[in-house]
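# Understanding the architecture of this molecule
Here's the letter readout for the chains.
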Amino acid sequence: MIDSRWDDLSESDWNAFAIAWNSELCGDDASSSIPKLPWLLDDAPSTASEYVVPMNFTASAASQWKFILVAYRTGTEDTHRHLAAGPVEHLLGEHGDEFISLFEQLAEEDARFAKMLRNCLQNEMSGEVWRRLCLARGDGG
């Protein structure tokens, strides 16, 4: 079930969400505050990390892509591993045909992004999306 409220988040909301998530992944006790994020149940999570997996299943593909870009930009090599193994794998597994060209383009422009993609596993990606991802990250496919 797609929750359209994710599409209503502002750029500053996405930034705050991604910064808080990256901060939590680094073990920063002084974690950043998170904006009000969409939640469909009682007792909403209190940390950014607790929102990421539900976001993968309830946000539109375009909103997931926004999160990936901001989390990448605000993250570190350590947090990029989590990004690749979580939100990136999920988006490409569910919407790979629509988004692989964006990943390829960014990997070509940014060697650090290509390196981050090496932390992805195929999981639910189609064979063709996986092949293209491997090429984009420099594995040869």
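In what follows, the structure referred to is the one given above.
Quantities reported herein were computed from a predicted structural model and do not represent experimental measurements.

### Looking at the nonpolar core
Among the nonpolar cores identified, the biggest contains 41 residues, and Phe 17, Phe 67 and Phe 103 are the most heavily contacted of them. Elements supplying a minimum of two residues to this core: helix 1 (11-25), helix 2 (49-58), helix 3 (61-74), helix 4 (77-109), helix 5 (111-117) and helix 6 (127-136). At ten residues, helix 4 tops the list of elements feeding residues into this core. Beyond its immediate sequence surroundings of up to four residues, Phe 17 is in contact with Trp 6, Pro 35, Leu 37, Ala 48, Tyr 51, Val 52, Met 55 and Phe 67.

### A look at the pattern of salt bridges
Evaluation of the coordinates by the stated rule reveals six salt bridges. Note that Arg 5 and Asp 3 form a salt bridge whose closest N and O atoms lie 2.6 Å from each other. Note on Asp 3: relative accessible area 8%, which makes it buried. Where Arg 131 meets Glu 128, a salt bridge forms, and the shortest distance between an N and an O atom there is 2.8 Å. A residue pair is termed a helical-turn pair when its members lie 3 or 4 positions apart in one helix, as Arg 131 and Glu 128 do in helix 6 at three residues. Classification of Arg 131 by relative accessible area gives partly exposed; the value is 35%.

### A short note on the environment of Asp 139
Within the secondary structure, Asp 139 sits in the segment after helix 6. Leave out the neighbours within four places in its chain, and Asp 139 touches Arg 118 and Cys 134. Of the polar contacts made by the side chain of Asp 139, one reaches the side chain of Arg 137; its length is 2.4 Å.

### Structural notes on the packing of aromatic side chains
If you walk through the whole model with that rule in mind, you get twelve aromatic pairs. Plain terms: the ring middles of Phe 17 and Phe 67 are 4.8 Å apart, the flat faces sit at 40 degrees to each other, and that makes the pair tilted. Of the two residues, Phe 17 is situated in helix 1 and Phe 67 in helix 3; the sequence distance between them amounts to 50 residues. Per residue, the accessibility class of Phe 17 equals that of Phe 67, and both read buried. Taken together, Trp 6, Trp 14, Phe 17, Trp 21, Trp 39, Tyr 51 and Phe 67 form an aromatic cluster joined through their ring pairs.

### Looking at the packing of helix 3 against helix 4
Packing of helix 3 against helix 4 brings their axes to within 10 Å, and their N-to-C directions diverge by 125 degrees. In terms of their interaxial angle, helix 3 and helix 4 are classed as oblique. In this structure, helix 3 meets helix 4 at a crossing whose hand is left-handed. Taking contact as the criterion, the partners of Ala 61, Ala 62, Gln 64, Trp 65, Phe 67, Ile 68, Leu 69, Ala 71 and Tyr 72 in helix 3 are, on helix 4, His 80, Leu 83, Pro 87, Val 88, His 90, Leu 91, His 95, Phe 99, Leu 102, Phe 103 and Leu 106.

Rules used in this analysis
- Residues numbered from 1 in each chain as written.
- Predicted model: local features only at pLDDT ≥ 70, side-chain atom pairs only at ≥ 80, totals over all residues.
- Heavy atoms only, no water.
- Core = buried A, V, L, I, M, F, W, Y, C linked by side-chain atoms within 4.5 Å.
- Buried < 20%, exposed > 50% of the residue type's maximum accessible area, 1.4 Å probe, protein only.
- Helix = DSSP H or I, 4+ residues; strand = E, 2+ residues; numbered from the N terminus.
- Contact = heavy atoms within 4.5 Å.
- Salt bridge = Lys/Arg side-chain N within 4 Å of Asp/Glu carboxyl O.
- Polar contact = N/O pair within 3.5 Å; in protein donor to acceptor, adjacent residues only side chain to side chain.
- Phe/Tyr/Trp six-rings, centres within 6.5 Å; stacked < 30°, edge-to-face > 60°.
- Axes fitted to C-alpha atoms, helices over the stretch in contact; angles between N-to-C directions.
- Parallel < 35°, antiparallel > 145°, perpendicular 65-115°, else oblique.
- Left-handed = near helix turned anticlockwise from the far one by under 90°.

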